Every structure is written in structure tokens, then in C-alpha cells.
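# Structural features, examined
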Amino acid sequence: MRGSRISAVGHYQPARVLTNEDLAGMVDTSDEWIRSRVGIHSRHIAGPDEPVDELAGQAAAKALAAAGLTPTDVDMVVVATSTAIDRSPNTAARVAARLGIPGPAALDVNVVCAGFTHALATADHAVQAGASSRALVIGADKMSEVADWTDRTTCVLVGDGAGAAVVEACAPGEEAGIGPVLWGSVPEMKNAVRIEGTPPRFAQEGQSVYRWATTRLPAIARQACERSGLAPADLAAVVLHQANLRIIEPLAAKIGAVNAVVARDVVESGNTSAASIPLALAKLVERNEITSGDPVLLFGFGGNLSYAGQVVRCP
């Protein structure tokens, strides 16, 4: 069995920016209230003519271009999303059609905020097993479409966007660039983060999620490092699900990644659910804050009270 690696990443966000001041004109909130509680300054909001598969396709096209590849080089498309309206055709099939990818395996993964790291593990396993040679792994969500814009405790959190990674087989003798995944869930807390109802609406038990993330997850994230044979101090960067700055900062500190760059894209993008990790990773790469080969911990958590993490090498 051969390992896999991330050869390139890309990201996309809608042009419209919704600031805290804008939100203060919509609900009973303020810039100070939002910044002090979640650390978010702004977020990008997609228009009615920008469905999830368009966000995903834009990010995927950038990742392919960065890898120097064409759509015909891809044989698998995995999209992590929980906000696509239609059940069939799925988002992955629509992305494949948009890009002109001929005959790929096309599947969606719905693990909400932990979706991208689950999707990445799925593609990694497919490559290792010989079922795929090159996959597009995408996290894309349009959270604005499931937000309750009258609820100031949740609508201030959300944003829209997509991030993508090209995953391909390592050359013979090359060290794997995607480490073993550590994943799981807490079924008894499944109602802590929800997107449900008709029409579907995002809701959460904020304090329960905060306590769980800051007390139980550090040890789990450290185990993900151990599976890759690394200590947290060896990490060059930590890219956690961009849920809330008050969760990201203490969680990163408790992991013990004392030498790592900590992604804080939530400040300018809000919570983009499955898009948040690849979006933040692609920005770190774009800004040269990490370099090729650097070990990076990716760790998703949240919806379903699920989690998944792995150490990857920066493309």
C-alpha cells in the first residue's frame, strides 16, 4: 500500500463581506459584543446565485491550477458539506460536471464541521488501497442559507466559502504526506450542534460545545500527533476548525504546539463549517506562513459532536 500526499490547495470566498457593523443594523448586537465573545470581525456571504457546488468548484479549480493539473487528471471527487440543498445529484457530481472531470468516483461527506478531515481521510484511504490515484477533496458550505438571521447568538458566527486540496499517491519510496487519521464522535451530545428542520436552521448549545472543545479535545488532538510519530512541539502549524477564537486559542495552547503558527482565519471569515480548515490552510500556504514539507495538524470538530484529525505535510 502506498501513502498519499497533498500536492496543492486552493480556496474561494464570495465577494460580499458582511461586517459586524452591518450585523448591528440587522439584529441586537454590536462590534464589541461579537469580537469579545467569538473574535470575528467579518465574514463572506454568498448570493442567491452562488450555490454550494459553485463555491466548491471555484476552490477546486484553483487547487488544480496550483498543482499544474487538468480535470482529466482526477479520478475521485470528495466534497464535505452539510448545506447543499439538493440530495441528488450530489455536490461532488455537480463539481465534477462544472470542471469537466471525466467519470470520477463522486461522493459527498456530511460530518458538518469535521467534514473536511473526514473527507481527507477517505481520499487518503482510497489512494492507499489503490482505488484512486488522484483525488480532489473539497470542504464547502453556505452557512448563510441555514442561519437564523434573527438569532444574534448564532447568526454572528457564520460565513460562506470553500477550500480544496489535491490528494495524490506518493512516489515509490516517498514518505507519506498524510498521517493516520484519529476520528470519532460523542453520540450522547449529538444535539449540541444542529442543522435541522424545514427550512433547515443552524442552532447550537454554545456553552456545552465550548466546554467539550476546550477540555476533552486537547488530549485527542495530541493522540493524532502521536499517530504520525510527532510531538506537538514538532508541528509547524495547527489548523483547527474555525469555530470561535475563544475555542481555537485555548485549544491550541493545551495541545502544546508551542512552535506552531495557529490559523485564525475565523477572524475574517467566520465559521464556514466544512470549508474552514482547507480555507485556513490554503491562506497560510498563500501567505508563505508555512513552507513545503512542514508538518501541520488539521483537526476538525463540532457538528454531530464528531471529530477527526491528522498531521499532513504542507504542499
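Rules used in this analysis
- Residues numbered from 1 in each chain as written.
- Predicted model: local features only at pLDDT ≥ 70, side-chain atom pairs only at ≥ 80, totals over all residues.
- Heavy atoms only, no water.
- UniProt positions renumbered as here; feature names shortened; annotations may be inferred.
- Helix = DSSP H or I, 4+ residues; strand = E, 2+ residues; numbered from the N terminus.
- Salt bridge = Lys/Arg side-chain N within 4 Å of Asp/Glu carboxyl O.
- Buried < 20%, exposed > 50% of the residue type's maximum accessible area, 1.4 Å probe, protein only.
- Pairing = 2+ DSSP bridges.
- Contact = heavy atoms within 4.5 Å.
- Axes fitted to C-alpha atoms, helices over the stretch in contact; angles between N-to-C directions.
- Core = buried A, V, L, I, M, F, W, Y, C linked by side-chain atoms within 4.5 Å.
- Domains from an automatic or database assignment.
- Parallel < 35°, antiparallel > 145°, perpendicular 65-115°, else oblique.
- Left-handed = near helix turned anticlockwise from the far one by under 90°.
- Nonpolar A, V, L, I, M, F, W, Y, C, P; charged D, E, K, R; others polar.

## Focus: the UniProt feature "domain: Beta-ketoacyl-[acyl-carrier-protein] synthase III N-terminal" (unreviewed entry) in the chain
In the numbering used here, UniProt assigns the feature "domain: Beta-ketoacyl-[acyl-carrier-protein] synthase III N-terminal" (unreviewed entry) to residues 107-181. The straight-line gap between the two end C-alpha atoms of residues 107-181 is 19 Å; of that span, 24% is helix and 29% is strand.

## What to know about the pattern of salt bridges
A full pass over the atoms with the stated rule returns 12 salt bridges. The residue Glu 249 makes a salt bridge to Arg 264 at a minimum N-O spacing of 3.1 Å. Of this pair, Glu 249 sits in helix α9 (residues 245-255) while Arg 264 sits in the loop between β12 (261-262) and α10 (266-269), placing them 15 residues apart in sequence. The exposure class of Arg 264 is partly exposed, given its relative accessible area of 41%. Between Arg 287 and Glu 289 there is a salt bridge, and its shortest N-O distance comes to 2.7 Å. Taking relative accessible area as the criterion, Glu 289 reaches 37% and is therefore assigned partly exposed. One salt-bridge network, in which partners are shared between bridges, spans Arg 5, Arg 134, Glu 168 and Glu 174.

## Here's the deal with the sheet that holds strand β13 (residues 295-301)
Overall, mixed pairing links the 5 strands, which are arranged β8-β14-β13-β11-β12 in an open sheet. Bordering the open sheet on either side are β8 (182-185) and β12, each of which pairs with just one other strand. Bridging between strand β11 (residues 237-240) and β12 involves 2 bridges; their strand directions are parallel. Each residue of the ladder has a partner; that of Ala 237, found in β12, is Val 261. Seen against the sheet, helix α5 (residues 115-128) touches β8, β13 and β14 (306-313) and runs at an angle of roughly 55° to β14. Packed on one face of the sheet, helix α8 (residues 217-227) meets β8, β13 and β14 and runs near 140° to β13.

## Comments concerning the nonpolar core
Counting 50 residues, the largest nonpolar core has Trp 212, Leu 217, Leu 235, Leu 240, Leu 297, Phe 299 and Phe 301 as its most contacted members. Top element by residues in this core is α9. It accounts for 6 residues. Viewed by domain, this core spans two of them, domain 1 (4-169) and domain 2 (182-314), each represented by three or more residues. Residues contacting Leu 240, with those up to four places away along its chain left out, are Ile 248, Leu 251, Ala 252, Ile 255, Ile 277, Phe 299 and Phe 301.

## Some points on the packing of helix α7 (residues 206-215) against α9
Between α7 and α9, whose axes approach to 8 Å, the crossing angle comes to 20°. With respect to their mutual orientation, α7 and α9 come out roughly parallel. Here α7 and α9 pass one another in a crossing that is right-handed. Residues Val 209, Tyr 210, Ala 213 and Thr 214 of α7 pack against Arg 246, Ile 247, Pro 250, Leu 251 and Lys 254 of α9. Residue composition of the contact of α7 with α9, grouped by class: 6 nonpolar, 1 polar and 2 charged.

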